[in-house]
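Single-letter residue listing:
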Amino acid sequence: MRIWQSLALGLALSAAMAGAMPGLAAAAQYTVVLDKMKFGPVPANLHVGDVIVWQNNDLFRHTATARDKSFDVDLPAHGQGTLTLTVAGTIPFFCKFHPGMTGQLVVSP
Amino acid sequence: MIKQIALAALLAVGMTGIALAADAPTDPQIAHIAYTAGVIDINAAQQAIAKSKNADVIAFAQEMARDHAAVNDQALALVKKLGVTPEDNPVSQSLTKSATEELAKLDKLDGAAYDKAYIDNEVAYHKAVDAALADTLIPSAQNADLKALLQTGLTLFTEHEHHAEMVAGTLK
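The model shown is predicted, which means the values in this text are computed figures rather than measured ones.

**Q** Let's hear about the overall build of chain B: which residues, and what values?
**A** Broken down by element type, chain B carries 6 helices and 0 strands. Tracing chain B from N to C terminus, the helices and strands come up as α-α-α-α-α-α. Across chain B, contacts joining residues at least 24 apart in sequence account for 77% of those joining residues at least 6 apart.

**Q** Any details on the sheet that holds strand S2 (residues 38–39) of chain A? Residues and values, ideally.
**A** All names here are of chain A. With mixed pairing, the 4 strands of this open sheet are ordered in space as S2-S1-S4-S7. Here the strands that pair on one side only, and so sit at the sheet edges, are S2 and strand S7 (80–84). Bridge count between strand S1 (residues 29–35) and S2: 2 bridges; the pairing is antiparallel. Note on S2: the bridge partner recorded for Asp35 is Lys38.

**Q** Help me get a handle on the confidence of the model for chain B, residues and values and all.
**A** Residues and elements named next belong to chain B. In the predicted model, chain B carries a mean pLDDT of 88, and 87% of its residues have values of at least 70. Within chain B, the element-level pLDDT minimum falls on helix H1 (residues 2–22), averaging 39, and the maximum on helix H2 (residues 27–51), averaging 97. The model gives residues 1–22 a pLDDT under 50, and that stretch makes 0 contacts with residues more than four places away or in other chains. Taken together, the chains of this predicted complex give a pTM of 0.79 and an interface ipTM of 0.77.

**Q** Before we move on, can you summarise the packing of helix H5 (residues 111–140) of chain B against helix H6 (residues 144–171) of chain B with the specific residues and values?
**A** Residues and elements named next belong to chain B. Where H5 meets H6, the closest approach of the two axes is 9 Å, and the angle between their N-to-C directions is 155°. Relative to H6, H5 is oriented roughly antiparallel. Crossing of H5 against H6: the hand is left-handed. Residue classes in the contact of H5 with H6 are distributed as 14 nonpolar, 5 polar and 9 charged.

**Q** Just give me the short version of the interface of chain A and chain B, but keep the residues and values in it.
**A** Each side of the interface is counted separately: chain A has 10 residues, and chain B has 13 residues. A per-class count over the side of chain A that touches chain B returns 6 nonpolar, 2 polar and 2 charged.

**Q** Got a sec to walk through the sheet that holds strand S9 (residues 102–108) of chain A? Specific residues and values, please.
**A** Residue and element names in this part refer to chain A. Strand order in the open sheet formed by 5 strands is S3-S9-S8-S5-S6, with mixed pairing between adjacent strands. One side of each edge strand has no neighbouring strand; the edge strands of this open sheet are strand S3 (46–47) and strand S6 (72–75). Relative to S6, strand S5 (residues 62–66) runs antiparallel, the two sharing 4 bridges. If you follow Thr65 over to S6, its bridge partner there is Asp72.

**Q** Summarise the packing of helix H3 (residues 55–82) of chain B against H6(B); cite the residues concerned and give the values.
**A** Residues and elements named next belong to chain B. At their nearest, the axes of H3 and H6 sit 11 Å apart, and the two run at 175° to each other. Comparing the axis directions of H3 and H6 gives the class roughly antiparallel. Here H3 contributes Asp56, Val57, Phe60, Met64, Asp67, Val71, Gln74, Ala75 and Leu78 to the contact with H6, which in turn contributes Asp145, Leu146, Leu149, Gly153, Leu156, His160, His163, Ala164, Val167 and Thr170. When the residues that make up the contact of H3 with H6 are grouped by side-chain class, the tally is 11 nonpolar, 5 polar and 3 charged.

**Q** Quick rundown of the environment of Ala24(B)? Include the residues and the values.
**A** Its place among the elements puts Ala24(B) in the loop between H1 and H2. Remark: the alpha-carbon pair of Ala24(B) and Lys80(B), spanning 56 residues in sequence, is separated by 23 Å.

**Q** Tell me what's going on with the environment of Leu75(A), and back it up with residues and numbers.
**A** All names here are of chain A. Its place among the elements puts Leu75 in strand S6. Residues Leu75 and Arg61, 14 residues apart in the sequence, show an inter-C-alpha distance of 5.8 Å. Those residues in contact with Leu75 that lie beyond four places of it in its chain are Leu34, Trp54, Asn56, Arg61, His62, Thr63, Ala64, Gln80 and Gly81.

Scoring rules and cut-offs
- For every chain, the first residue of its written sequence is number 1, and the numbers climb from 1 along that sequence.
- Chains carry letters from A onward and ligands carry numbers from 1 onward, assigned in written order.
- Predicted model: local features are reported for residues with pLDDT of at least 70 only, side-chain atom pairs are reported and counted for 80 or more only, and whole-chain, interface and lining totals are derived from all residues.
- Helix and strand labels come from DSSP, where a helix needs a run of H or I of at least four residues and a strand needs a run of E of at least two; each type is numbered from the N terminus.
- Contacts here follow a simple rule: the backbone-placed C-beta atoms of the two residues must lie within 7 Å.
- A pair of strands is considered paired only if DSSP assigns at least 2 bridges between the two.
- One confidence number per residue, pLDDT, is output by the predictor and ranges from 0 to 100.
- Axis definition: a line fitted to C-alpha atoms, limited for helices to the stretch in contact. Angles are taken between N-to-C directions and run from 0 to 180 degrees.
- Every angle not falling under 35 degrees, over 145, or within 65 to 115 is termed oblique; those three ranges are roughly parallel, roughly antiparallel and roughly perpendicular.
- The handedness criterion is simple: a crossing whose near helix is rotated anticlockwise from the far helix by less than a right angle is left-handed, and one whose near helix is rotated clockwise is right-handed.
- For this classification, Asp, Glu, Lys and Arg are treated as charged, while Ala, Val, Leu, Ile, Met, Phe, Trp, Tyr, Cys and Pro are nonpolar and the rest, including Gly, are polar.

In structure tokens, the structure reads:
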């Protein structure tokens, strides 16, 4: 009896952890550095739920703005902004102020 | 009469060429020219912010005021660090004179006519400054920090030129 109870509890705990774990394991935080009027490398293997911290090392205010308008992050000079990825897909982005600054996010579900 | 004018023009062109070839600008002069070029664009931006009713034009002008002020602040910090005093010179004087005339011309315009004239002038002005940076100022700069700042300026102003062209496209 006791064994069955332990097993049941164990299973319940495993199920709860399994339910929680994928979310925790998948969410990652990445930093994209802007320097000398360029976006630095964008991480591969991005997933919905991941967080991108845009670190602006320039003297100038920039933005990270999606071409499809799904995000628009203001980046003060020597400041940063955060974006949580909410949709999957390939999303080209640019700086609204300096349109030659471009990049692309590839986000998996 | 026409011959005399043509000769005077030839001489003027020839002398300018010689003067430029013989006297590459010094670092204190380059710093002054670059700073002056920034001040000119900030003044034009302030006029646009006060006069324009077009949101895209105002946003562009605010960007010009902000970016050029940032570069100029950096330039001032650099000359202070290097113990260099920017030196006034004929190029700075000529830039300031043309800019004052342009501001007066723009001031007489309003509405869409003003917006178009301001943005067209921004395209032309950034093209001219970029050419001066690439062909004269950057190659002539001796100090590595000054050269690096001018190079950042060139990248930035090239972006401004492209942005001005984009805004100009929406005004047509």
